[in-house]
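Spelled out, the chains give:
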Amino acid sequence: MADRPDGAAQQGGNRPKLALHVPEPKFRPGDTVDFSHLQIPEAGKQPRPDETCDPKDMHELAFGLVRVLGEDNKAHGPWDPKLDPDTLRKMLGHMAMTRAFDERMFRGQRQGKTSFYMKCTGEEATSVAASMALAADDMVFPSYRQQGILIQRGYPMIEMINQIYSNKGDKLKGRQLPIMYSSREHSFFTISGNLATQTPQAVGWAMASAIKGDSRIAATWVGEGSTAEGDFHSACTFATVYHAPVILNVINNQWAISSFSGFAGAERTTFAARALGYGLAGLRVDGNDALACFAAEQWAANRARANAGPTLIEFFTYRAEGHSTSDDPSGYRSAQERSEWPLGDPITRLKDHLIAIGEWDEARQEKMDLEAAELVKATTKEAEANGILGHGLHHPFRTMFEDVFEELPWHLKEQSEQAIREREIKFPGGLEL
Amino acid sequence: MIEAINDALAVSMERDPNVVVMGEDVGYFGGVFRCTAGLQEKFGKTRVFDTPISECGIIAVAVGMGAYGLRPVPEIQFADYIYPGLDQLISEAARLRYRSAGEYIAPMTVRSPFGGGIFGGQTHSQSPEAIFTHVSGLKTVIPSTPYDAKGLLISAIEDNDPVIFFEPKRIYNGPFSGYYDKPAQPWKKFDASVVPEGYYKIPLGKARLAAEGEQLTILAYGTMVHVVEAVCREKGVEADILDLRTLVPLDIEAIEASVEKTGRCLIVHEATRTSGFGAELSALVTERCFYHLEAPVVRVTGFDTPYPHSLEWAYFPGPVRIGEALDKILSE
């Protein structure tokens, strides 16, 4: 700044002072919540373009909100996926099971059975319904709040709990934080704690599928906060450049730990609108409307499968609980937000829809919830026989050195031997090595 | 060496349809150093293609491709540009096998020209190999001859672990004596440059004894192998010159055997000194060969500054610095 005069007093001269804008959420603890600023369009009014359409023609859909379930609990408009009642009940069942699972695992963490847990309360539709719109062998690259996908894909619940407890039954050998599952058999990619890293990886997988002339597509999930990561933007660039058969699902649950979505840019535009700058198809969807979630994911999957290109979907939803068991949301947001959220609860809305079309009732719902809770409880007990975190029933000690490389190099062999020596000194009684 | 690398890629692609080559400018143009010239024409655009200028994207996409079952060979145009892709390499590619208990692997080989001596300034000359050797789960390979470049690259591509393959660009076209004002000699004048046609492999983790001698052991890799050879010739020093070839996995047996024989150890690399790979080598030699040592282990390295454009030859660990170190270690 060669033309800047020296000395603090003279800096800037008589020019107006610049001011830094630091985003601030509308409501803090103790505030009365008013969500009337949110534009919630009527269900069924959004157009459903052809799956092969040009992203340029989707401007409105990137700023609007695709909704199917109306105030009358009926399905409306061109996005109604017209699912049969059995499929709807299955969807409801998976979502209820996901919630029951979360409740039990949360409690397990509070009981000291594991170090950490993350619920997806209020977001169940964004994983369960979206996942149901994919083929079972489409590859998913989830983030950490998509346990609903595993439940929907029939991954054994005991394996999920073994992983959460890092016990001797944990297929990941106790190496990953709880909830960071992996199942190649279920086309579920290993979860990373570093955010958004899986987004461009999903694009790479989809590119590989296209290179090989496969018919499988990839889908990835990322939180709205993590769209600020460079990886997300690399993913968008590669996806559009190579026309990759991939779906980029952005879960806008309003909060990234204590930072509201404004810190990822939500004050200025929608997350779906980011698609437009890249030339991607962009859809903004009511994430608490299971039918809309299914319909949008199905639209994007059809588009990808038809070689018509990638889609970025913003699921507009709300994180009803804390970020994790290590988080206390009462410290940074109004307690009213959850109850006042204008798009309701995804499970309640789907249940009410089934009731409204005469395919369900409260008694059956109660029975289903009870059965789900009992199944989770029984499975938890079964998993606990394999051990809980920190109680000694974990994978053999030597496994710590496995899988760093395909073959054990000399330096890891030496370190492994040292670890075993230490173990023998610490536990002369002969614990499993 | 450029032709040898090109040949290794072609041989690997012919043998395995899952090998794909990608990176900035690698397709139609064949790469800024021409290492991938002609490959797109031969193997098609879906197996050899240009990428956006996004190192993070290039590495990440390769991780996803590896998880699918391909063997991607991404090129990072200069090692100095690899940093935006570091998280994908360190937290993702390197740990995929571990965190998924073997369910997913990233069998990728990241090729990248590295090192100085070409007036590349601070953004085209760095030697970041130590960063990668510090990461559990990555292998780091650095050839110093065309023969090795081909054999090691084929091994790297076939390896099921992620490999960083650093190509010493100062010796792409011929070995380098360390005197910047002496004209480079083309590779074909040197025996080491004879590159057999077709398929052959050099195993990762095996060092090459570039010269044999009783006076001391010199540990080097890449360009510095040739500089060290030239200095020893000039000074009449008879050294075991171990070309490490791979830093991880490291050929500790060859290092121990040589140091136990000679009793002295000089370590030479071009990267900055502090926490460089020379520090690891020095510690290993001291820990494992202390009672055989006749003199302290000595390191010759670049200085702890960024690579300065106009003062490149003041930075470079050339004959004067190496000669001084040799005098010191041999006088003790």
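Values in this document were obtained by computation on a predicted structure and should not be read as measured data. (Residues numbered from 1 in each chain as written. Chains lettered and ligands numbered in written order. Predicted model: local features only at pLDDT ≥ 70, side-chain atom pairs only at ≥ 80, totals over all residues. Heavy atoms only, no water.)

## Re the domain arrangement of chain A
In step 1: What the domain assignment reports for chain A is domain 1 (55–386) and domain 2 (397–426).
In step 2: For domain 1 of chain A versus domain 2 of chain A, the distance between C-alpha centres works out to 38 Å. (Domains from an automatic or database assignment.)

## As for helix α1 (residues 2–15) of chain B
In step 1: Between its first and last C-alpha, α1 of chain B extends 20 Å over 14 residues, near the 20 Å set by a 1.5 Å rise per residue.
In step 2: Counting buried positions over the 14 residues of α1 of chain B gives 10, a clear majority of the element. (Helix = DSSP H or I, 4+ residues; strand = E, 2+ residues; numbered from the N terminus. Expected span 1.5 Å × (residues − 1). Buried < 20%, exposed > 50% of the residue type's maximum accessible area, 1.4 Å probe, protein only.)

## Regarding the packing of helix α6 (residues 198–211) of chain A against helix α3 (residues 55–68) of chain B
In step 1: Across the interface, α6 of chain A lies against α3 of chain B with an axial gap of 6 Å and an inter-helix angle of 55°. Put simply, α6 of chain A runs oblique to α3 of chain B. As for how α6 of chain A packs across α3 of chain B, the hand of that crossing is right-handed. Touching Pro-200, Gln-201, Gly-204, Trp-205, Met-207, Ala-208, Ser-209 and Ile-211 of chain A of α6 of chain A are Ala-60, Val-61, Val-63, Gly-64, Met-65, Ala-67 and Tyr-68 of chain B, all from α3 of chain B.
In step 2: For the contact of α6 of chain A with α3 of chain B, the per-class residue count stands at 11 nonpolar, 4 polar and no charged. (Axes fitted to C-alpha atoms, helices over the stretch in contact; angles between N-to-C directions. Parallel < 35°, antiparallel > 145°, perpendicular 65-115°, else oblique. Left-handed = near helix turned anticlockwise from the far one by under 90°. Contact = heavy atoms within 4.5 Å. Nonpolar A, V, L, I, M, F, W, Y, C, P; charged D, E, K, R; others polar.)

## Re the UniProt feature "domain: Transketolase-like pyrimidine-binding" (unreviewed entry) in chain B
In step 1: In the UniProt entry, the feature "domain: Transketolase-like pyrimidine-binding" (unreviewed entry) is given for residues 1–174 of chain B.
In step 2: End-to-end, the C-alpha atoms of residues 1–174 of chain B are 8 Å apart, and along that stretch the chain is 36% helix and 16% strand. (UniProt positions renumbered as here; feature names shortened; annotations may be inferred.)

## Details of the domain arrangement of chain B
All names here are of chain B.
In step 1: Taken domain by domain, chain B comprises domain 1 (1–193) and domain 2 (208–331).
In step 2: Taking the mean C-alpha position of each, domain 1 and domain 2 sit 25 Å from one another.
In step 3: Taken together, the contact between domain 1 and domain 2 spans 34 residues of the former and 27 residues of the latter.
In step 4: Roughly 2,600 Å² of surface becomes buried between domain 1 and domain 2 when both sides are summed, with 62% attributable to carbon and sulfur atoms.
In step 5: It is Phe-119, Ile-142 and Phe-176 that lose the most area in domain 1 upon contact with domain 2, and together they represent 19% of the buried surface on that side.
In step 6: Counting the contacts that link domain 1 with domain 2 gives 2 salt bridges.
In step 7: For the pair domain 1 and domain 2, the number of links is 17 residue pairs in polar contact (both at pLDDT 80 or more).
In step 8: Its residues assigned to classes, the side of domain 1 that touches domain 2 shows 15 nonpolar, 14 polar and 5 charged. (Buried area = accessible area lost by both parts, 1.4 Å probe. Salt bridge = Lys/Arg side-chain N within 4 Å of Asp/Glu carboxyl O. Polar contact = N/O pair within 3.5 Å; in protein donor to acceptor, adjacent residues only side chain to side chain.)

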